[in-house]
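Inside the fold
Chain by chain, the residues run as shown.
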Amino acid sequence: MYCIETTHLSHQFAPGKNILDDINLQVPTGSIYGFLGPNGAGKTTTLRLILGLLKKQKGEIHIFGQSLAQNRVAILRKLGSLIETPSLYGHLTAAENLLLLQKIYQCPKARIPEVLELVGLPDTANKKVSQFSLGMKQRLSIAVALLNQPDLLILDEPTNGLDPNGIIEMRELLKRLNQEQQITILISSHLLGEIEKLVSHVGIIHKGQLLFEGTLQDLIQKQQESSCLKLSTNDNARALQILQSIYPAAQQQNGKLALPPLANAQIAEVNRQLLQNDLEVYHLAIEQNDLESIFMELVKN
Amino acid sequence: MNATLFYSIQSEWMKTKRSAAFWLVLLGGFFTPGILCLIYMVYIEKVAPAYSEPKFWIKWYLNGWESMAYLLLPMGIVLATSLIAQLEYKNNAWKQVLTTPQSLSTVFIAKYTVVLLMMFQLFVLFTIGMYFAGALPAWYYGHVPYPKGPFPWRTILQMSTSFYITSLPILALQYFLSIYFKNFMVSLGVGILMVTAAITALSWRYVYLVPYSYGGIHFMQLQGRMRFKSNILDIHYLALIYFFGFTLLSYVLYLTKKEKG
């Protein structure tokens, strides 16, 4: 069961220029889905379409199994969001900002101190938001998104403006909400490293196209598949000739020789071959691409 | 009125608390009464005979409307309406409002209702202000008599309602400009331009076609100074037609806007 499902979602701001091209996003219920992509990849446009902030041009959007076009208000009742910069009224206090949304959601007033406590702003209820730092505004925006006890949280780069400690706290909070309250979370970021410790599923978007979608395990698998044996010798050109006769996939990469991942016995054999040909081996190691490199590779290709 | 709309209006009303629009309405309502009161207090000997006139309150109230009808009220509406709608743009809050469980119509109507209520508030404050500003010199100086007869509430209410109706076209068009255009200068610029044009047009034969001039026309009619007469409809009907027309246009364009928030 998917909490969010988009089918053939495309969007353009100017004729002939697709900002989104046939996006088929599937966010499983109960997951923390990391929506990754460099700046300008189409993340925010996708999220704005999912929230109904942009008029849909092509494709379908289903949330909680219901069509967004036909059930917008009912869907929004069970959803909390934070898109880009915080949406808060500077002339009002933190509690007043929450109170005016409490009126709309008609949730208990007791939720106001609860959510402020949850995001680490328990003593700021009567402070004007204009006096808040960006990090505090970001936390208050999360409190706003949590006010109605949503089943789904959509967060667009929520760690913007947070210090490293704040990022860790935010990560822990989101994990706790997901585990304890079974809230599905769709979180966008342009940094894989920032969310890889948080997410269970990943979608990678670039230039409006969804390049990868799957579990984090799938991505890690991809990482392992892309690991290779790297070596360097006193004569890499001759070493390459020798190795290519055994492993045709061997190639030169950034001043080193690269081979596909090999078993331990095969690595020992490679070493033996090089030594028998009077070559001096300076470096011989399995190098694994980190997830960030995989992400960059997907984006580059 | 359904519950969702009621809560939405409550929520929109709360947003105006301590906002620039709130202070503008508060100060705007008491500005003219304050100035008139000050003048009367300073020149009490000259104006004291007016207190003995039988229609003191009506004349006093019209005195207040002289500055309000042409300039202060239209400018106040231009500014207050722009400021209320701009609360969302200034705070990047449209996307928050439009992702709450309310229909787009509810959001539009709730905000519009708050603008109408704020203008109503301005009228109430102005009337209360005029009463106290008129009564204060009499209370303060023992030799100045308190105006004879009861305060003519009914007539004042009728006059206020008339002025309220003549202001509706300005409010409707300014509301549209403020919620449709992100740039505050569009609504403000058009507003200032239209108010200036309306004042200039008061001596024009077809001034009845200029929706921003109805307050001034109504005032001149009450004073018996209006040279031209509308050969189409009474200005109150014209004001209502403009009001509903602008409201409808604004509603349709708001609903069909491609990018919201």
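Residues numbered from 1 in each chain as written. Chains lettered and ligands numbered in written order. Predicted model: local features only at pLDDT ≥ 70, side-chain atom pairs only at ≥ 80, totals over all residues.

1. Describing the overall build of chain A
- On a plain count of helices and strands, chain A comes out with eleven helices and 15 strands.
- Relative to its length of 301 residues, chain A is extended, with a C-alpha radius of gyration of 25 Å against a globular reference of 19 Å.
- Counting only C-alpha atoms and orienting by the principal axes, one finds that chain A spans roughly 80 × 45 × 35 Å.
- Considering chain A as a whole, with its 301 residues, one finds that 40% of them fall into the buried category.
- When contacts within chain A are restricted to residue pairs at least 6 apart in sequence, long-range pairs at least 24 apart make up 69% of them. (Helix = DSSP H or I, 4+ residues; strand = E, 2+ residues; numbered from the N terminus. Rg over C-alpha atoms; globule rule 2.2 N^0.38 Å. Buried ≥ 20, exposed ≤ 12 C-beta atoms within 10 Å, placed from the backbone. Contact = placed C-beta atoms within 7 Å.)

2. Some details on unusual backbone geometry
Residue and element names in this part refer to chain A.
- If you check the backbone angles, Gln106 has positive phi at about 55 degrees while not being a glycine.
- Mapped onto the secondary structure, Gln106 falls in the loop between helix 3 (94–105) and helix 4 (111–118).
- The phi dihedral of Gln182 is positive, around 55 degrees, even though this residue is not glycine.
- Inspection of the secondary structure puts Gln182 in the loop between helix 6 (164–181) and strand 9 (184–189).
- Gln182 sits in the exposed class, given 10 other C-beta atoms within 10 Å.

3. Notes on the packing of helix 9 (residues 236–246) of chain A against helix 10 (residues 264–276) of chain A
Residues and elements named next belong to chain A.
- Interhelical geometry of helix 9 versus helix 10 gives an angle of 135 degrees and a closest axis separation of 10 Å. On the basis of their axis angle, the class for helix 9 and helix 10 is oblique. In this structure, helix 9 meets helix 10 at a crossing whose hand is right-handed. Facing helix 9, whose interface residues are Ala239, Ile242, Leu243 and Ile246, helix 10 presents Val270, Gln273 and Leu274.
- In terms of residue class, the contact of helix 9 with helix 10 is made up of six nonpolar, one polar and no charged. (Axes fitted to C-alpha atoms, helices over the stretch in contact; angles between N-to-C directions. Parallel < 35°, antiparallel > 145°, perpendicular 65-115°, else oblique. Left-handed = near helix turned anticlockwise from the far one by under 90°. Nonpolar A, V, L, I, M, F, W, Y, C, P; charged D, E, K, R; others polar.)

4. Description of the interface of chain A and chain B
- With 23 residues of chain A in contact, the opposing surface of chain B contributes 25 residues.
- For the side of chain A that touches chain B, the secondary-structure elements that each account for two or more residues are helix 2 (68–77) and helix 3 of chain A.
- Considering every element that reaches the side of chain A that touches chain B, the biggest residue donor is helix 3 of chain A, with six residues.
- Looking at the side of chain A that touches chain B, its residues break down into 13 nonpolar, six polar and four charged.

5. Regarding the nonpolar core
- Counting residues in each nonpolar core, the largest one holds 133 residues, and the members touching the most others are Ala143, Ile154 and Ile185 of chain A together with Ile84 and Met118 of chain B.
- Of the residues forming this core, the biggest block, 17 residues, is contributed by helix 4 (residues 56–90) of chain B.
- In contact with Met118 of chain B, not counting residues within four places along its chain, are Thr16, Ala21, Val25, Ala80 and Ile84 of chain B.
- One finds Leu229, Ala239, Leu259 and Val270 of chain A within the second-largest nonpolar core, a separate group that totals ten residues. (Core = buried A, V, L, I, M, F, W, Y, C linked by C-beta atoms within 7 Å.)

6. Describing the sheet that holds strand 8 (residues 152–156) of chain A
Residue and element names in this part refer to chain A.
- Strand order in the open sheet made by the six strands is 7-8-9-4-10-11, with mixed pairing throughout. Unpaired on one side and paired on the other, strand 7 (79–82) and strand 11 (209–215) mark the two borders of the sheet. The average undirected angle you get between the axes of adjacent strands in this sheet is 10 degrees.
- Bridge count for strand 4 (residues 32–36) against strand 10 (residues 201–206) is four bridges, and the pairing is parallel. Among the inter-strand pairings, Phe35 is bridged to a residue of strand 10, identified as Gly203.
- The strands touched by helix 8 (residues 216–225) are strand 10 and strand 11; relative to strand 11, the strand with the most contacts, the crossing angle is about 105 degrees. (Pairing = 2+ DSSP bridges.)

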